[in-house]
Amino acid sequence: METAHPTFPAEPAWPACEPDRLVVFLLDASSPLEREMLEDWIKRSHPSERPPGKVRVLAIPPTRRRSKSPLDPGLEALLAGDEDPLFAPLRVAWLAPRRDGTRVVRLRDLLTFGDPRDPGRLRQRVIRARHPDRCVIVAAEPARASALRARWTEAGGRDGGATTGLAEFVARQAALALERAERRIRGARYKVPRLLDEEILGSPGFRGRLAQLAREEGRSDARILREAHADLREIAATHSPLVIDLAARLIRLLYTQGYAAEIQYDREQLAGIAGLSQRHPVVFLPTHKSNLDHLVLQYMLYENCLLYTSPS
């Protein structure tokens, strides 16, 4: 399956801030190799004029691998201190192989070794050794501790009844910022909801209703919370890039059975719609002259790195 990707950027620059401000890198690493790569980038990118003591490195729970890794206690300590450090999230993105000058994911790649953009630990080392161009450092927009604390307070933190502590909130904001940064590399076609269950479970109103339900049914709060967490993960629409690619391949196979392989449309008009979608919701209304209209629209947007969500 040939899938065009946008141009991939060069390595990110060191976060811009005052020379004497503490920079805290929050590493979203799914393996020891990814952590090693991120720490190596920090060392070689460190500006010579910056004091070496003004840099800290902390790990946050990895988002690519569901785990119960505890938060680094150093994060809470930094947030409780008098300094106003700059938090800079980092992760590694794994790219598809380059074929004929284009990053592509083919069906046999998916069926043989799985998604090349989400390799396991052993495959990561093979890719790093043989195809280092497929490893990209992703740096999200940094934010000061004071700004994050203000956001947390607005969301109900401290005396507002929020059940998520400030450190957990900062880690989640870092993960969401990394999702946005990585999406700029991969394209908007892979915009899928992440951390949805954590966002809902962190809502004071939702947690209050769970506590009420526990009292009504005579069960413990912890048991009700575990059930709610499991149910939210089950119903959340968190399809993966792998599923998106497989669906696109199936659509292409369907419409090429009776029509030309190339879809004719006005790319300039589509680019205008893409710009509009950055500011407003966009609704597509296929004329439905045939049963393929809906699917062809999905594939047309997919091959232009846009996301289409069916109302059904």
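Each remark here, short or long, concerns the structure printed above.
Attention in this report is confined to the structure presented alongside it. Residue indices begin from 1 for each chain and proceed along its sequence in written order. Totals for whole chains, interfaces and linings use every residue, but because this is a predicted model, local features are given only for residues with pLDDT of at least 70 and side-chain atom pairs only at 80 or more, for both listing and counting. With hydrogens and water excluded, all non-hydrogen atoms of the structure serve as input to the side-chain values.

Section: the side chain of arginine 50
Basically, it comes down to this: Only DSSP runs of H or I with at least four residues qualify as helices, and only runs of E with at least two residues qualify as strands; both kinds are numbered from the N terminus onward. Exposure categories follow from relative accessible area, calculated using a 1.4 Å probe and restricted to protein chains: below 20% of the type maximum is buried, above 50% is exposed, and the middle band is partly exposed. For the charge count, each Lys or Arg is scored as positive and each Asp or Glu as negative, with His and the chain ends excluded. Any Lys or Arg side-chain nitrogen located within 4 Å of an Asp or Glu carboxyl oxygen qualifies as a salt bridge. What qualifies as a polar contact is a pair of N or O atoms within 3.5 Å, subject to a donor-acceptor requirement within protein and to the restriction that residues adjacent in sequence count only when both atoms come from side chains. For this analysis, residues touch if any pair of their heavy atoms sits within 4.5 Å.
In this structure, arginine 50 sits in the loop between helix H1 (32–45) and strand S2 (55–59). Lacking a salt bridge, the buried arginine 50 has aspartate 20 as its closest oppositely charged neighbour, with an N-O distance of 6.7 Å. Within polar-contact distance, the side chain of arginine 50 engages the backbone oxygen of arginine 21 at 2.7 Å. In this structure, arginine 50 is in contact with Trp14, Cys17, Glu18, Pro19, Arg21 and Val23, ignoring residues within four places of it in sequence.

Quick word on the pairing of strand S1 (residues 23–28)
For the record, the criterion: Here, strands pair whenever DSSP counts at least two bridges between them. The handedness of a crossover follows from its direction of travel: if, with the strands pointing away from the viewer, the path from the first strand over the helix to the second runs clockwise, the crossover is right-handed.
Taking burial as the measure, the six residues of S1 include six buried ones, the bulk of the element. Residues of S1 alternate between two faces, with Val23, Phe25 and Leu27 on one and Val24, Leu26 and Asp28 on the opposite face, all of them buried. Relative to S2, S1 is paired through five bridges, and the arrangement is parallel. Each residue of the ladder has a partner; that of leucine 26, found in S2, is leucine 58. Crossover S1 to S2 through H1 is right-handed. As defined by bridge partners, S1 adjoins strand S3 (residues 86–94) across six bridges and the pair is classed as parallel. Following the sheet pairing, phenylalanine 25 is matched in S3 by alanine 88.

Some words on the packing of H1 against helix H4 (residues 121–130)
Here is the rule: For helices, the fitted axis covers only the stretch in contact; all axes are lines through C-alpha atoms, and the angles between them, taken along N-to-C directions, range from 0 to 180 degrees. Throughout this description, any angle smaller than 35 degrees is read as roughly parallel, any larger than 145 degrees as roughly antiparallel, any in the 65 to 115 degree range as roughly perpendicular, and the remainder as oblique. Polar here means any residue outside two lists: the nonpolar Ala, Val, Leu, Ile, Met, Phe, Trp, Tyr, Cys and Pro, and the charged Asp, Glu, Lys and Arg; Gly therefore counts as polar.
The interhelical angle for the contact between H1 and H4, taken along N-to-C directions, is 40°, at an axis separation of 9 Å. Here H4 runs oblique to H1, going by the angle between their axes. Seen from H1, the contacting residues are Pro32, Leu33, Glu34 and Met37; seen from H4, they are Arg121, Gln124, Arg125 and Arg128. Class assignment for the residues of the contact of H1 with H4 results in three nonpolar, one polar and four charged.

Remarks on the packing of helix H10 (residues 241–255) against helix H12 (residues 293–302)
What counts here: Take the far helix as your reference; a near helix turned counterclockwise from it by less than a right angle gives a left-handed crossing, and one turned clockwise gives a right-handed crossing.
Their axes nearest at 10 Å, the elements H10 and H12 cross at an angle of 125°. In terms of their interaxial angle, H10 and H12 are classed as oblique. For the crossing formed where H10 meets H12, the hand is left-handed. Of the residues in H12, those in contact with Ile244, Asp245, Ala248, Ile251, Arg252, Leu254 and Tyr255 of H10 are Leu295, Val296, Gln298, Tyr299 and Tyr302. Split by residue class, the contact of H10 with H12 holds nine nonpolar, one polar and two charged.

Examining the nonpolar core
Using the following cut-off: By convention a nonpolar core is built from buried Ala, Val, Leu, Ile, Met, Phe, Trp, Tyr and Cys residues, the set being connected through side-chain atoms within 4.5 Å.
Val24, Leu26, Leu58, Leu75, Leu79, Phe87 and Val170 are the most contacted members of the largest nonpolar core, which has 19 residues in total. When residues of this core are traced back to their parent elements, those giving at least two are S1, helix H2 (73–80), helix H5 (145–154) and helix H6 (166–186). It is H6 that provides the largest number of residues to this core, a total of six residues. Formed by 18 residues, the second largest nonpolar core is a distinct cluster that contains Leu27, Leu38, Ala88 and Ile127.

Considering the pattern of salt bridges
When charged atoms on two side chains of opposite charge get close, those side chains can pair. The tally for this structure, following the rule as stated, stands at 13 salt bridges. Two residues, arginine 44 and aspartate 40, come together in a salt bridge whose shortest N-O distance is 2.3 Å. You can see arginine 44 and its partner aspartate 40 sitting in helix H1, four residues apart, about one turn around the helix. The salt bridge partner of glutamate 217 is arginine 219, with a shortest N-O separation of 2.6 Å. Residue classification places arginine 219 among the partly exposed positions, given a relative accessible area of 25%. The network of salt bridges with shared partners includes Glu18, Arg21, Asp84 and Arg144.

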